[in-house]
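Structure assessment
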Amino acid sequence: MSNKHHILIVGGGTAGISVAARLLRKGYSDVAIIEPSETHYYQPLWTLVGGGQARAATTARSEASVMPKGATWIKDAVTAVDPDNNRVTGAGGTDHEYDVLVVCPGIQLDWDRTEGLADALGKDGVSSNYRFDLAPRTWEYIRNLRSGSAVFTMPSGPIKCAGAPQKIAYLASDYWRSQGVLADIDV
């Protein structure tokens, strides 16, 4: 089975739906998005969740509710890209052809690349704002810290949001300043 679309977008995250919406506003009528998830997470807000400025629940919506009107939503995951034949293959085995391909599937997090990190996440003060379930934990750790050291890391190479590691450090420091404990914390 094969389906063809003028513009095919791989990834229904913030980038994919934003590109689709802009193309549709510009008058392109055959725009399809391949995205397997039923839930869309507005991940840029997770740093504010970790900093106590937003609730995690406000970052999750049904994918259908954020899908741009006029876009075709293909509920599948891409397993292969064949640019020579303008085709992608979905996990279900369906081929999807295109005239123009936009690839924005997001960055795959690989916690296991740092030894011990996957097991440490969510425990003993170790958290990340790059995961829906951990961003609230970050806020819990910030809120409860009154003295000691707070280490915020910024990995080298491509990351989801380059400013996020700094932003959470600033939000945490501002909170600790407002609580009168910043002088007791080595950031």
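For the structure, check the block above.
Residues numbered from 1 in each chain as written. Predicted model: local features only at pLDDT ≥ 70, side-chain atom pairs only at ≥ 80, totals over all residues. Heavy atoms only, no water.

**Overview of the pairing of strand 6 (residues 78-82)**
When strand 6 meets strand 7 (residues 87-90), the two strands line up antiparallel, connected through four bridges. In the strand pairing of strand 7, Val81 is matched with Val88. Here strand 6 folds back onto strand 7 in antiparallel fashion, the turn holding four residues, of which Asn86 has a positive phi close to 50°. (Pairing = 2+ DSSP bridges. Helix = DSSP H or I, 4+ residues; strand = E, 2+ residues; numbered from the N terminus.)

**Re the nonpolar core**
With 14 residues, the main nonpolar core has Ile7, Ile9, Val31 and Ile33 as its most contacted residues. When residues of this core are traced back to their parent elements, those giving at least two are strand 1 (2-10), helix 1 (14-25) and strand 2 (31-34). Residue contributions to this core peak at four residues, all from helix 1. Contact partners of Ile33, with chain neighbours within four places excluded, come to Ile9, Gly11, Gly12, Gly16, Ile17, Ala20, Met67, Pro68, Ala71, Thr72, Trp73 and Ile74. If you look at the next biggest cluster of nonpolar residues, it comprises nine residues, including Trp139, Ile142, Ala150 and Val181. (Core = buried A, V, L, I, M, F, W, Y, C linked by side-chain atoms within 4.5 Å. Buried < 20%, exposed > 50% of the residue type's maximum accessible area, 1.4 Å probe, protein only. Contact = heavy atoms within 4.5 Å.)

**Structural notes on helix 5 (residues 135-144)**
Restricting attention to buried positions, one finds in helix 5 the residues Ala135, Thr138, Trp139 and Ile142. For helix 5, the arc enclosing every buried residue in end-on projection is 95°, short of the 170-degree limit, so these residues lie on one face. In this structure, the buried residues of helix 5 make contact with helix 2 (46-50) and helix 6 (164-179). (Arc of directions from axis to C-beta.)

**Some points on unusual backbone geometry**
Phi angles above zero are rare outside glycine, and Asn86 is one such case at about 50°. As for its placement among the helices and strands, Asn86 is situated in the loop between strand 6 and strand 7. One non-glycine residue with positive phi stands out, namely Asp124, at about 50°. Mapped onto the elements of the fold, Asp124 is located in the loop between helix 4 (117-120) and helix 5.

**Points about the packing of aromatic side chains**
Each aromatic ring pair is specified by the distance between its two centres and by the angle formed by the two planes. For the structure shown, the criterion picks out five aromatic pairs. Judged by centre distance (4.8 Å) and plane angle (75°), the rings of Trp139 and Tyr175 are edge-to-face. With Trp139 in helix 5 and Tyr175 in helix 6, the pair connects residues that are 36 residues apart, well separated along the chain. Here the aromatic cluster, defined as three or more aromatic residues joined through ring pairs, consists of Tyr41, Trp46 and Phe132. Of note, Lys75 hangs over the ring of Trp73, and the distance from its end group to the ring centre comes to 4.5 Å. (Phe/Tyr/Trp six-rings, centres within 6.5 Å; stacked < 30°, edge-to-face > 60°. Lys NZ or Arg CZ within 6 Å of the ring centre and 35° of its normal.)

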